[in-house]
Amino acid sequence: MKKEYLIALIASLAVAAIVAAALFLLVIKPQQDDNKELEDKVTAIEELAQLEKEEMENDYEQLGQQYGEMMAQLTNDSLIAQLTREQLRAQQLLEELKQTKADDAREIARLKKELNSVRAVLRNYIRQVDSLNQVNQNLRNQNTQLSGQLEESARQNQTLQEERRTLTERVEIAAQLDATAITLTPLNKRGKVAKKMKDAKQLQVNFNISRNVTAQNGQRTIYVRIQTPTGEALNSGGTFPYENRQLEYSMKKVIEYSGEETPVATYWQVGEFLEAGEYRVSIFADGNMIGTRTFLFEK
């Protein structure tokens, strides 16, 4: 009897074990597998969110650097101030992004929208800077053409070109006066044209200030500088500023300029022996050389 009871008990336990195993395989094990798969998906989503956040931080940093590079190329104070504000805005948004958790979907979405806005603003400023660069390039081309008309030394030409390259407005170039039809005539003691320079008692320099409707009207001081064959200037005792230095002038005259062509005549009293050779006449006004010409006087 006891043997039969023991066999029945063993059989019952075996059945229970089989049922438990079946229950684990059919219910608990699939549920564990589903949980594991869900955890893997959540981990993957978190990793993607963190990666997206890091990419956004990198984009904000690059935008800030681009603003800085653009400002380093500009001289326009107003535009630099605008770019500075946008750069500070990008830096502030970057700090907000760094303080934001990757799983904060609403805040990440807001900062991503702000990122697109910062990009759009940067593209607009890039177009403005490209437009300014095009204008500056046109100015440089015009300056090159103008500098070709001057017969100054290589160093003076280079200095003039560098100064003109700093101009940012066309009107500053257009308003510059221009001296044309320059003549140098030696006169003898009777006021007649001297055949030889050694007979000259007076030098007459005539020229015209060209018509220029964009130039400011009013009184202008015109300086005339005559250089002898040795390179020295015939000096009347005065100087004028030009290219951060003082130059001696031969004659000075104040004229009333109305924007129309204005003839000018100046005279230098000869007080020394003048040798034959090449003489250079240069005309200056408003800190600029507005005309130059050389003359050859034979013995």
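Residues numbered from 1 in each chain as written. Predicted model: local features only at pLDDT ≥ 70, side-chain atom pairs only at ≥ 80, totals over all residues. Heavy atoms only, no water.

1. What to know about the overall build of the protein
No. 1: Assigned secondary structure in the protein consists of five helices and nine strands.
No. 2: Listing each helix as α and each strand as β along the protein from the N terminus yields α-α-α-α-α-β-β-β-β-β-β-β-β-β.
No. 3: In the protein, which comprises 299 residues, the proportion classed as buried is 33%.
No. 4: In the protein, of all internal contacts separated by at least 6 residues, the share reaching a separation of at least 24 is 66%.
No. 5: Here the protein has roughly 19,300 Å² of accessible surface; of this, 51% comes from carbon and sulfur atoms. (Helix = DSSP H or I, 4+ residues; strand = E, 2+ residues; numbered from the N terminus. Buried < 20%, exposed > 50% of the residue type's maximum accessible area, 1.4 Å probe, protein only. Contact = heavy atoms within 4.5 Å. Areas by Shrake-Rupley, 256 points an atom, 1.4 Å probe, with all protein chains shown as cover.)

2. Looking at the sheet that holds strand β1 (residues 179-187)
No. 1: Here three strands make up an open sheet; going across it, the order is β1-β2-β7 and the pairing antiparallel. Among the strands making up the open sheet, the edge pair consists of β1 and β7 (262-269). Recorded for the sheet is a direction-independent mean angle of 15° between the axes of neighbouring strands.
No. 2: Examined bridge by bridge, strand β2 (residues 202-209) and β7 share eight bridges and lie antiparallel to one another. Along β7, the bridge assignment pairs asparagine 208 with proline 263. (Pairing = 2+ DSSP bridges. Axes fitted to C-alpha atoms, helices over the stretch in contact; angles between N-to-C directions.)

3. Here we look at the packing of aromatic side chains
No. 1: Taken as a whole and judged by the stated rule, the model has six aromatic pairs.
No. 2: Ring centres of phenylalanine 240 and phenylalanine 284 lie 4.9 Å apart, and the angle between their planes is 50°; this geometry places the pair in the tilted category. Here phenylalanine 284 lies in strand β8 (residues 277-285) and phenylalanine 240 lies in strand β4 (residues 238-242), a separation of 44 residues in the sequence. When sorted by exposure, phenylalanine 240 lands in the same class as phenylalanine 284, which is buried.
No. 3: Here the aromatic residues Tyr223, Phe240, Tyr242, Tyr249 and Phe284 are joined through ring pairs into a cluster of three or more. (Phe/Tyr/Trp six-rings, centres within 6.5 Å; stacked < 30°, edge-to-face > 60°.)

4. Quick look at a positive patch on the surface
No. 1: On the surface, Lys189, Arg190, Lys192 and Lys201 cluster together into a positively charged patch.
No. 2: Turning to its location among the elements, lysine 201 is positioned in the loop between β1 and β2. (Patch = residues over 30% accessible without salt bridge, like charges linked within 9 Å, V, L, I, M, F, W, Y side chains within 5 Å. Salt bridge = Lys/Arg side-chain N within 4 Å of Asp/Glu carboxyl O. Lys, Arg positive; Asp, Glu negative; His and termini not counted. Charge placed at Lys NZ, Arg CZ, Asp CG, Glu CD.)

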